[in-house]
Amino acid sequence: MSSQATAERSPATGDFWEGFRLSIPVVVASGPFAMLFGALAVGNGFTVFEAFLMSATVFGGASQMVGIELFGQHVAPWLIVLSIFAVNFRHVLYSAAIGRHLAHWPLFQQAVGYFILTDPQYAIAESKAESGRKVGFAFYMGAALPVYVSWNILTALGAFFGQMIPDTHALGIDFLLPIYFLGLVMGFRKRPLWLPVVIASAAASILAYKTIGSPWHVTVGAFAGVVFAALMPSSGEREARP
Amino acid sequence: MSTIFWITIAAAVATYLTRIGGHLVISRFENIHPRVEAGLNAVPAAVLTTLVAPAMLDAGPAEWAAVIVAALVALRGGLMSMFLAGAAVLIALRQFMG
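Conventions we followed
- Residues numbered from 1 in each chain as written.
- Chains lettered and ligands numbered in written order.
- Predicted model: local features only at pLDDT ≥ 70, side-chain atom pairs only at ≥ 80, totals over all residues.
- Heavy atoms only, no water.
- 1 Å grid on protein atoms, 1.4 Å probe; cavity = no way out; pocket = protein on both sides within 12 Å on 5 of 7 lines; lining within 4 Å.
- Points joined across faces, edges and corners; volume = space filled by probe spheres on them.
- Helix = DSSP H or I, 4+ residues; strand = E, 2+ residues; numbered from the N terminus.
- Nonpolar A, V, L, I, M, F, W, Y, C, P; charged D, E, K, R; others polar.
- Patch = residues over 30% accessible without salt bridge, like charges linked within 9 Å, V, L, I, M, F, W, Y side chains within 5 Å.
- Areas by Shrake-Rupley, 256 points an atom, 1.4 Å probe, with all protein chains shown as cover.
- Salt bridge = Lys/Arg side-chain N within 4 Å of Asp/Glu carboxyl O.
- Buried < 20%, exposed > 50% of the residue type's maximum accessible area, 1.4 Å probe, protein only.
- Core = buried A, V, L, I, M, F, W, Y, C linked by side-chain atoms within 4.5 Å.
- Contact = heavy atoms within 4.5 Å.
- Axes fitted to C-alpha atoms, helices over the stretch in contact; angles between N-to-C directions.
- Parallel < 35°, antiparallel > 145°, perpendicular 65-115°, else oblique.
- Left-handed = near helix turned anticlockwise from the far one by under 90°.
- Buried area = accessible area lost by both parts, 1.4 Å probe.
- Polar contact = N/O pair within 3.5 Å; in protein donor to acceptor, adjacent residues only side chain to side chain.
- pLDDT = per-residue confidence, 0-100.

(A) Highlighting empty space enclosed by the protein. Scanning the entire structure with this criterion turns up three cavities of 30 Å³ or more. Reported here for the largest cavity is a volume of approximately 60 Å³. Lining the largest cavity are A:Phe188, A:Arg191, A:Pro192, A:Leu193, A:Trp194, A:Val197, A:Ala229, B:Ala38, B:Asn41, B:Ala42 and B:Ala45. Taken together, the elements giving at least two residues each to the lining of the largest cavity come down to α11 (194-210) of chain A together with α2 (34-49) of chain B. It is α2(B) that contributes the most residues to the lining of the largest cavity, four residues altogether. Empty space within the second largest cavity amounts to approximately 50 Å³. In this structure, the second largest cavity is lined by A:Ser23, A:Val26, A:Phe59, A:Ile116, A:Thr118, A:Pro120, A:Gln121, A:Ile124, A:Ala143, A:Ala144 and A:Val147. Mapped by element, the contributors of at least two residues to the lining of the second largest cavity are α2 (11-43), α8 (119-130) and α9 (137-162) of chain A. Looking at the lining of the second largest cavity residue by residue, the class counts come to eight nonpolar, three polar and no charged.

(B) Local environment of a nonpolar patch on the surface. Residues and elements named next belong to chain A. On the surface, Met35, Leu145, Val149, Ile153, Leu157, Phe160, Phe161 and Met164 cluster together to form a nonpolar patch covering roughly 700 Å² of accessible area. Ranked by residues supplied to the nonpolar patch, first place goes to α9 with six residues. Tracing the chain through its elements places Ile153 in helix α9. For Ile153, a relative accessible area of 49% corresponds to the partly exposed category.

(C) Spatial organisation of the nonpolar core. By size, the foremost hydrophobic cluster in this structure holds 84 residues, and its most contacted members are A:Tyr140, A:Ile179, A:Tyr180, A:Phe181 and B:Leu48. Looking at this core element by element, the count peaks at 11 residues for helix α10 (residues 173-187) of chain A. Here A:Tyr140 is in contact with A:Leu102, A:Trp105, A:Gly113, A:Ile116, A:Leu117, A:Gln121, A:Ala125 and A:Val135, once residues within four sequence places are set aside.

(D) Looking closely at the packing of helix α12 (residues 216-231) of chain A against α2(B). For the pair α12(A) and α2(B), interaxial distance at closest approach is 7 Å and the crossing angle is 150°. Between α12(A) and α2(B), the crossing angle belongs to the class labelled roughly antiparallel. Helix-helix and strand crossings are classified by hand; for α12(A) and α2(B) the assignment is right-handed. Counting all contacts with α12(A), which are made through A:Gly221, A:Ala222, A:Gly225, A:Val226, A:Ala229, A:Ala230 and A:Leu231, the residues of α2(B) involved are B:Arg35, B:Ala38, B:Gly39, B:Ala42, B:Val43, B:Ala46 and B:Val47.

(E) Geometry of the interface of chain A and chain B. Each partner contributes to the interface: chain A provides 82 residues, whereas chain B provides 66 residues. Across the interface of chain A and chain B, roughly 6,700 Å² is buried in total on both sides, 75% from carbon and sulfur atoms. Here chain A and chain B share zero salt bridges between them. For the pair chain A and chain B, the interface holds 19 residue pairs in polar contact (both at pLDDT 80 or more). If you tally residues by element for the side of chain A that touches chain B, the top one is α10(A), at 12 residues.

(F) Structural view of the side chain of A:His91. Structurally, A:His91 can be placed in helix α6 (residues 91-102). With relative accessibility at 1%, the residue A:His91 sits in the buried group. With residues up to four places along the chain from it excluded, the contact list for A:His91 reads A:Leu117, A:Thr118, A:Asp119, B:Thr18 and B:Arg19.

(G) Seen up close, the confidence of the model for chain A. Considering every residue of chain A, the mean pLDDT works out to 87; 93% of them sit at 70 or more. Taken as a whole, residues 1-7 of chain A scores under 50 in pLDDT and shows one contact with residues more than four places along the chain or in a different chain.

(H) The arrangement of unusual backbone geometry in detail. Residue and element names in this part refer to chain A. A positive phi angle, close to 50°, is found at Phe59, a residue other than glycine. Inspection of the secondary structure assignment puts Phe59 in the loop between α3 (48-57) and α4 (61-72). Taking relative accessible area as the criterion, Phe59 reaches 5% and is therefore assigned buried. Positioned with a positive phi, Leu193 is a non-glycine residue whose angle comes to about 65°. Along the chain, Leu193 turns up in the loop between α10 and α11. Overall, the relative accessible area of 19% leaves Leu193 in the buried class.

(I) Examining the layout of surface pockets more closely. The space that makes up the largest pocket amounts to roughly 730 Å³. Forming the boundary of the largest pocket are 26 residues, of which A:Asp119, A:Pro120, A:Tyr180, A:Leu184 and B:Leu79 lie nearest the centre. Contributing elements (two or more residues each) for the lining of the largest pocket: α2, α4, α6, α8, α9 and α10 of chain A together with α2 and α5 (79-97) of chain B. It is α2(A) that contributes the most residues to the lining of the largest pocket, four residues altogether. In terms of residue class, the lining of the largest pocket is made up of 17 nonpolar, five polar and four charged.

See the structure below:
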């Protein structure tokens, strides 16, 4: 890149490329999961277009995996939507935290910005704000767009090739999602009450699975873990944070 | 339009509400009650655990071995390495156990 080209750029263009550079690790890290989602979605009864549509409109990896897993288990549609909502609920906290840094944008830009507020996008925007600089729309989109575009393209590619897998059982396709979900669960292990919550949810979901049956084990198990965490004595003592 | 189409649209709307809702609703509260916060903190692990635990019941030795190896790798490595390790064990063992 020549210095002349850099000098001719508008500040917004420079901001965009600053965000773009920060997006590259996210693109690389999320790419395999986009392809995996596409392949598993097709394995669970989605068409290539339906897999692509979910990536383009929901744009949240873990929740999309939950959606296709439950669809494969023939869970009632409203429970699938509720489960996706529950997995994505953490965004409420990101949204509350980042809102004041995006408030100077025009309303339409804010509406677009919140649509692509993923975990890494929150981290990128928050660290920019923490460094004392304004989080501009161009910078924000520079960080978000490459991830959004690659996520969708790789979903479609994964779905397309997923159709061609001959023996899905030998490749373990039916059990890859539980392994993936276990990885997500392990990723939260630094949170307070993690182990007791996991034990409570596991026990309650197994019990519900054996008694009332699928799909209620998801709701019952999740509810048990959340209520357990809220009722633990330590939860009431900890100081409130804004 | 298929059931999947409508599930996806409803899920997209619900997800958008979580992404814009914090700004519109939560940011108006001065404080979140610590018990509510503890409950919210527990949501992802609680939901995702329910997708792992019952699956273990229906599984066999190949799946159990894969999960144990993946969990051990997860203590050190990232999501991708634990996933690949678990998948490798699963695929290898299924060649013998069916």
